[in-house]
Amino acid sequence: MRSQAPLRACGALLDYKTVKFALTRNRRVGLLHRLLQLGVLGYVLGWVLLARKGYQDTDRAPRAAVVTKMKGAAVAEAVGKGRRLWDAADYARPPQGENVLFLVTNFIATAQQSQGTCPEVSDLCWPQPSPGGGIKTGKCVMFNTTHSTCEIYGWCPVENNTVPRKPLLAEAENFTLFIKNTVHFTKFNFSKCNALQTNDPTYFKSCTYDPFFNRSCPVFRVRDMVEAAGETFGDLALLGGSIGVRIEWDCDLDHPAAQCQPQYSFSLQDRRYNFRTASYYWDSQRRLYRNLLKLYGIRFDISVHGQAGKFSIIPAAVSFGTGIAFFGAATVVCDLVLLYLDAKADFYWKEKFEEAKPPKGKTEAAA
């Protein structure tokens with residue numbers, strides 16, 4: 001008997017199982033089957049094909065180019081320094097930027113600095129780096145109960161650290177930022193610019209971006225951008241900050257190219273931002289001087305993201321085949337419920353699975 005067991009196992013490998021359809025009048029399983037089919041159909045049509053556009057080939061890595069220009073003029077009056085006109089060459093760094101642009105909204109000026117020794121208010125007096133940019137000599141010029149005034153070697157007079165109570169370039173809220181962005185989807189050899197293609201040279205001088213009425217004008221008012229990021233211009237302009245500008249492209253190339261338009265969003269990244277810059281000159285006696293500016297302002301960080309899709313037979317066939325496979329999964333689930341969970345599972349099991357054997361007489365005659 002043991003010697004025949006391997007033969008029977010090998011013989012079972014040669015058995016063939018064919019599908020047998022059994023019609024059951026089980027309303028609960030029938031309802032489950034239709035609900036599963038409707039769910040699969042809704043998933044394939046609603047999510048895979050319509051929402052995710054599973055019939056399209058996609059390009060999610062566009063090449064992007066960004067050019068920015070700031071426009072506007074303001075007059076600022078610093079204490080003891082008089083009035084000064086600021087234009088794009090003064091308050092925009094760099095004057096013609098790319099993905100990053102800095103707008104000056106406030107500043108502290110220290111004029112006519114020269115290298116030498118001068119007093120600096122400090123709590124400590126010994127040779128060490130000075131916040132004013134010089135080296136402390138350790139010589140105490142004056143001392144009282146609260147602080148000491150030390151002599152330093154550096155740029156004198158020392159830097160002024162008194163921040164104005166209001167931003168000196170408050171008019172910058174009405175400045176405009178022109179953001180020209182071009183994307184190229186290499187897979188489809190498709191390019192699009194966010195600026196309206198027009199021969200009117202005055203169009204971009206008078207238009208302002210509006211998400212509903214003027215989407216093809218990439219000219220943004222600074223105040224609108226700050227408010228879209230959840231801040232007020234007056235608070236952010238005093239000590240500076242950083243705002244992220246995100247340009248999102250979602251292009252369906254099965255539709256006309258005119259419908260491919262970018263979406264803009266603004267987010268606050270930091271509430272403080274400043275840096276120092278200086279201009280140097282020589283006097284008639286060949287002594288070196290500089291004018292130091294500590295600039296506070298708004299830094300705009302521009303990032304471009306996007307994707308493009310177009311009909312392709314391969315992803316369409318894959319999505320369609322996935323839907324058919326899910327329909328088969330609904331039948332498998334209902335079979336499991338019918339054969340293992342139903343109260344009459346034994347009866348359905350016998351009706352579904354049947355071993356077919358030919359009559360012995362016909363088998364022997366055939367032999």
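- The UniProt entry for the protein carries the following text under Catalytic activity (unreviewed entry): "Ca(2+)(in) = Ca(2+)(out)".
- Under the UniProt heading Subcellular location (unreviewed entry), the note attached to the protein is "Cell membrane".

### Here we look at the UniProt feature "transmembrane region" (unreviewed entry) in the protein
Alright, step 1. UniProt marks residues 31-50 and 320-341 with the feature "transmembrane region" (unreviewed entry), using the numbering shown here.
Alright, step 2. Secondary structure content for residues 31-50 is 100% helix and 0% strand, while the C-alpha to C-alpha distance between its ends is 26 Å.
Alright, step 3. Helix and strand shares over residues 320-341 are 100% and 0% respectively, and the end C-alpha atoms of the span are 31 Å apart.

### Let's talk about helix H2 (residues 27-51)
Alright, step 1. A rise of 1.5 Å per residue sets the reference length of H2, with its 25 residues, at 36 Å; its end C-alpha atoms lie 33 Å apart and thus fit the reference within 8%.
Alright, step 2. Of all the positions in H2, only Val 29, His 33, Val 40, Val 44 and Val 48 are classed as buried.
Alright, step 3. Where the residues of H2 are buried, they touch helix H7 (313-341).
Alright, step 4. After H2 finishes, the residue Lys 53 shows a positive phi value of roughly 50 degrees.

### Observations regarding the packing of H7 against helix H8 (residues 345-352)
Alright, step 1. Between H7 and H8, the shortest axis-to-axis distance is 6 Å and the interhelical angle comes to 120 degrees. Regarding the angle of H7 to H8, the classification is oblique. Taken together, the residues of H8 that come into contact with H7 (itself represented by Asp 335, Leu 338, Leu 339 and Tyr 340) are Ala 345, Tyr 348, Trp 349 and Lys 352.
Alright, step 2. Here the residues of the contact of H7 with H8 sort into 6 nonpolar, no polar and 2 charged.

### Side note on the UniProt feature "binding site: ATP" (unreviewed entry) in the protein
Alright, step 1. Mapped onto the present numbering, the UniProt feature "binding site: ATP" (unreviewed entry) falls at Lys 69, Met 70, Lys 71, Thr 176, Asn 274, Phe 275, Arg 276 and Lys 294.
Alright, step 2. Residue placement: Arg 276 occurs in strand E14 (residues 274-282).
Alright, step 3. Setting aside its immediate chain neighbours within four residues, Arg 276 contacts Glu 159, Leu 292, Leu 293 and Lys 294.
Alright, step 4. Following the sequence through the fold, Lys 294 ends up in strand E15 (residues 288-311).

The rules behind each value
Residues numbered from 1 in each chain as written. Predicted model: local features only at pLDDT ≥ 70, side-chain atom pairs only at ≥ 80, totals over all residues. Heavy atoms only, no water. UniProt positions renumbered as here; feature names shortened; annotations may be inferred. Helix = DSSP H or I, 4+ residues; strand = E, 2+ residues; numbered from the N terminus. Expected span 1.5 Å × (residues − 1). Buried < 20%, exposed > 50% of the residue type's maximum accessible area, 1.4 Å probe, protein only. Contact = heavy atoms within 4.5 Å. Axes fitted to C-alpha atoms, helices over the stretch in contact; angles between N-to-C directions. Parallel < 35°, antiparallel > 145°, perpendicular 65-115°, else oblique. Nonpolar A, V, L, I, M, F, W, Y, C, P; charged D, E, K, R; others polar.

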